[in-house]
Amino acid sequence: MRVLVVEDELRVRSFVERGLREAGFAVDVAVDGEDGLRLALVNPYDVIVLDLMLPKRDGLSVLRELRSAGRATPVLVLSARDEVDDRVRGLDAGADDYLPKPFAFAELLARVRALLRRGTARPSLLEVGDLRVDLLSRKAERAGSKLDLTQKEFALLEYLARHAGEVVTRTMISEHVWDMNFDSFSNVIDVYIRYLRRKIDEPFEKKLIHTRRGVGYMLSATP
Amino acid sequence: MNRSIRLRIALAVFTVVVSLVALQIVYVLNRFSRSFRDEADDRLEDYVEDLGVVVGTEHLDAWIAQTTNTRGHEDEVFIEVRDANGALVARSKNVPEAGFPGTHAVGRSGAPAFWEFAHPSARNGARLMRALETTVGPFHVRVGMDLEEMQRRYRSLRKNLITSLVLIALVGALAAYWVAARALLPVARIAAQARALGGLPDGTLPRTGSGDEIDRLAGVLNDLLQRIREEVLRVRRLTADAAHALRTPLTAIRGHLELQAAASPDGANEHVATAIEQVDELTRFVNRLLLLEKLESGLGESHARERLDLLALARPIVDHLKVIAEEREVSLECHGESAAVDADATQTRQAILNLLDNALRHTPAGGKVSVEVGARAGFAELAVADSGRGLPADQLERVFERFYSTRAGSGAGTGLGLPIARAIARSFGGDVTASSPDGARFVLRLPLAADGGSVPSA
């Protein structure tokens, strides 16, 4: 998988580049709009991470040029400016997703992966180790024994299972599972994770839910 | 009103007019009585002169009778003539046997003398007599007349003067009140406009254009408002710029820390994890500050309003927070009736969340937080009451100031939750207010939907 990162801020570019490499992506970088547009038109990227405030040519202009040239490459827009305005303008100009600064790298990674998965068929049965999550019947079992989960617990487990092997942040969980940003109440999520652990992990030797302190949670058969 | 400038000016004018006119009246009355007495004295001297012609002749009695008989329509006159030894020579009929009271000694020295005494026939001595005693040749002469006419005119003059004094003072005071009221009309308009000014403050005070003191004051105040506005905007821009400038470095710090954490096995690096948590704390703070700036500057996104039911909006939030409340052994409940408002769902939710956050943080274990929704007087109300320590009266407004946080409780907030809740409510024409009936009680008010209509089921 090949990703283009267009970002003039060295401090941001450096960790995005390094992080994506460590996650197994091939990464190209561009430090201004002109450079970014040239690379995007020449190479077949799987995803483009595009900052809006760029020297020479701003991000929105790059995006429009790219789309008018017929390129459908998924684009994740980054912005430090007013969120709502930029979100609307970015999506209008053909962006596929939007991430406001400051963001967690885990979130950027999750969004990049989500863009890559787009279009691929979603399985109705998710398996993580001996845990099976059936999305159709909305039932879960571990090592053959049924798990008695509340609706909210199941929704949380589903989200974790969809991102199995990836770290998901509390912000991502609250926005996708609760459909609201708790901000000061991110410990609501901690409480639900604890409920879930009690049912999924406590009776078993092997733990599946892992805490990445300061980052978030991960559902994975391997720690 | 009781100490209004209008009333004070009117009272001052009344007092000054009464004093000045009263002084004038005293002076006029004084002059009047003096000139009247001079006139009387002239007449008495005329009588004495005439007497000088007839005294000692046989015409004396007839002259006295004629002179003193002109009364009825005129002042009463009496005449008494004695010889050098004090024996009575002649006197008018109206002089009593014992003579009029007076000082005979004055006349004996030779020099003419005037004196006054009360007419014996008058009660209370109200009727004054004025008399002259002098010598005409060898005779002692006493001529007197009453001052009834003078007294009557004096009293009438006094009555008229006092009546006009009262009228002048009243008219003056009323005129002063009216003029003051007219002159102060712009002040009332300025006050009304100043009250309507927002916190920024935006707008100017009305000028009359007359160039008078009040108009000039309004001009000076407008300049002051302008300077305050510029300063407030400058500070806001500064805060917003600073918060914006923090975003990129925060992103960078967090990103590098995350890579660091991922490199260590199973997030074993405690220091890195703690640093990330602190960065998140800072990030939340910056985001809140930016949100508040946006709301308060009114530069927020054009409000996407939708029809919402405050109760339906609050219920799931309360449900989600129940787990937190249980953790803290605080009971949390929500009840009330539907109340339709037109507002932005995300922002309204944020406001409710902030109020609940505040209540939960200030309620000790075993306490209670209740949410009550209803409609009252054109507003949808959501009240969040807690059983915490409550707030002293002087803090009921101050808790809405940024970073004002003296309520001790578990976990400090950013000091921005309540200001944000209020700013959100105000941006939709509502407000958040605090009271402390027992614990603290915060009420979020939003205008009821115009048609008071139904809420589409979501």
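This structure is a prediction, so every number in the text was calculated from the model and none was measured. (Residues numbered from 1 in each chain as written. Chains lettered and ligands numbered in written order. Predicted model: local features only at pLDDT ≥ 70, side-chain atom pairs only at ≥ 80, totals over all residues.)

Describe in detail the overall build of chain A, supporting the description with residues and values.
A tally of helices and strands in chain A yields eight helices and 12 strands. Expressed as a percentage of the 223 residues in chain A, the buried residues total 40%. Once local pairs closer than 6 in sequence are excluded, the contacts in chain A between residues at least 24 apart make up 56%. (Helix = DSSP H or I, 4+ residues; strand = E, 2+ residues; numbered from the N terminus. Buried ≥ 20, exposed ≤ 12 C-beta atoms within 10 Å, placed from the backbone. Contact = placed C-beta atoms within 7 Å.)

Break down the overall build of chain B for me, citing the residues and quoting the values.
The helix and strand inventory of chain B stands at nine helices and 12 strands. Counting all 458 residues of chain B, 29% fall into the buried class.

Describe the nonpolar core, with residues and values.
A:V49, B:L310, B:A314, B:I352 and B:L444 are the most contacted members of the largest nonpolar core, which totals 121 residues. Each residue touching B:L444, except ones within four places of it in the same chain, is listed here: B:A351, B:I352, B:L355, B:L382, B:A421, B:A425, B:G430 and B:V432. In this structure, B:A40, B:Y47, B:V143 and B:M150 belong to the second largest nonpolar core, which totals 19 residues. (Core = buried A, V, L, I, M, F, W, Y, C linked by C-beta atoms within 7 Å.)

Lay out the interface of chain B and chain A in plain terms, naming residues and giving numbers.
How large an interface is tends to be reported as the accessible area lost when its parts come together. At the junction of the two partners, chain B supplies 31 residues and chain A supplies 31 residues. The set of elements that each furnish at least two residues to the side of chain B that touches chain A consists of α5 (213–263), α6 (270–296), α7 (310–327) and α8 (345–361) of chain B. In terms of residue count, α5(B) provides more of the side of chain B that touches chain A than any other element does, 13 residues in total.

Just give me the short version of helix α4 (residues 148–196) of chain B, but keep the residues and values in it.
All names here are of chain B. Look at α4: 70 Å from first C-alpha to last across 49 residues, which is about the 72 Å you get at 1.5 Å a residue. If you look at α4, its biggest bend is around 35 degrees, right at L184, and the proline P186 turns up within four residues after that. Residues of α4 that are buried include every one of M150, A169, A173, A176, P186 and I190, and no others. Among the structural elements, α1 (5–54) and α5 are those in contact with the buried residues of α4. (Expected span 1.5 Å × (residues − 1). Bend = angle between axes of the 7 residues up to and from the residue.)

Can you explain the sheet that holds strand β4 (residues 128–136) of chain B? Please cite residues and give values.
Residue and element names in this part refer to chain B. As summarised here, the arrangement of the five strands in space is β2-β1-β5-β4-β3, forming an open sheet in which the pairing is antiparallel. The sheet is open, and its two edges are formed by β2 (88–91) and β3 (113–118), each paired on a single side. Neighbour to neighbour, the strand axes of the sheet diverge by 20 degrees on average, direction disregarded. Direction of pairing for strand β1 (residues 77–82) relative to β2: antiparallel, over a ladder of three bridges. Across the sheet, the residue bridging to V81 is A90, located in β2. Across the sheet, helix α2 (residues 60–68) lies against β1 and β2, angled at about 160 degrees from β1, the strand it touches most. (Pairing = 2+ DSSP bridges. Axes fitted to C-alpha atoms, helices over the stretch in contact; angles between N-to-C directions.)

Now, about unusual backbone geometry: what can you tell me, with residues and values included?
When glycine is set aside, most residues are seen to have a negative phi, and most peptide bonds are trans. Cis rather than trans, the peptide bond between A:K101 and A:P102 has omega equal to 0 degrees. Within the secondary structure layout, A:P102 lies in the loop between β5 (97–100) and α5 (105–117). Non-glycine residue A:A143 carries a positive phi angle of around 50 degrees. Of note, A:A143 is situated in the loop between β8 (139–142) and β9 (145–147). Taking the C-beta count within 10 Å as the criterion, A:A143 has 11 such neighbours and is therefore assigned exposed. Even without being glycine, B:E329 reaches a positive phi, approximately 55 degrees.

How would you summarise the packing of helix α1 (residues 10–22) of chain A against α5(B) if you had to cite specific residues and measurements?
The interhelical angle for the contact between α1(A) and α5(B), taken along N-to-C directions, is 30 degrees, at an axis separation of 8 Å. It follows from the interaxial angle that α1(A) and α5(B) lie roughly parallel. For the pair α1(A) and α5(B), the crossing hand works out as left-handed. Residues A:R11, A:V12, A:F15, A:V16, A:R18, A:G19 and A:E22 of α1(A) pack against B:T248, B:P249, B:T251, B:A252, B:G255, B:H256 and B:L259 of α5(B). (Parallel < 35°, antiparallel > 145°, perpendicular 65-115°, else oblique. Left-handed = near helix turned anticlockwise from the far one by under 90°.)

Residue-level account of the environment of B:Q347, with values.
Residue and element names in this part refer to chain B. Mapped onto the fold, Q347 is located in helix α8. A count of 22 C-beta atoms within 10 Å places Q347 in the buried class. Each C-alpha atom, one on Q347 and one on A425, is 8.8 Å from the other, the two residues being 78 residues apart in sequence.

With reference to specific residues and values, describe the pairing of strand β11 (residues 431–435) of chain B.
Residue and element names in this part refer to chain B. The alternating pattern of β11 places V432 and A434 on a buried face and D431, T433 and S435 on a face that is not buried. Across five bridges, the pairing between β11 and strand β12 (residues 441–447) is antiparallel. Residue S435 lies in a different strand from β12, and its bridge partner there is R441. Counted along the chain from β11 to the antiparallel partner β12, the turn is five residues long.

Go over the sheet that holds β8(A), please, and point to the residues and values.
All names here are of chain A. Taken in spatial order, the four strands of this open sheet run β6-β7-β8-β9, and their pairing is antiparallel. Only two strands of the sheet have a single partner each, and these edge strands are β6 (125–128) and β9. Pairs of neighbouring strands in the sheet enclose a mean axial angle of 25 degrees, with direction left out of account. Of the pairings in the sheet, the one linking strand β7 (residues 131–134) to β8 comprises four bridges and is antiparallel in character. Each bridged residue has a counterpart across the sheet, and for D134 the counterpart in β8 is K139.

Could you give me a rundown of the confidence of the model for chain B, with the residues and numbers involved?
When pLDDT drops low, the exact placement of atoms in the prediction is not to be read closely. Confidence along chain B averages 81 in pLDDT terms, with 88% of residues attaining 70 or more. With pTM at 0.62, the complex prediction returns an ipTM value of 0.72. (pLDDT = per-residue confidence, 0-100.)

Go over the environment of B:H244 with me, naming the residues and quoting the values.
Within the element layout of this structure, B:H244 appears in helix α5. B:H244 sits 46 residues away from B:L290 along the chain, and the two C-alpha atoms are 7.8 Å apart.

I'd like a rundown of the environment of A:L149, residues and numbers included.
All names here are of chain A. Take L149: it is sitting in the loop between β9 and α6 (151–162). Once the C-alpha coordinates of L149 and I200 are considered, the two residues, 51 residues apart in sequence, prove to be 9.5 Å apart. Look past the residues within four positions of L149 in its chain and what remains in contact with it is A140, F154, L157 and K199.

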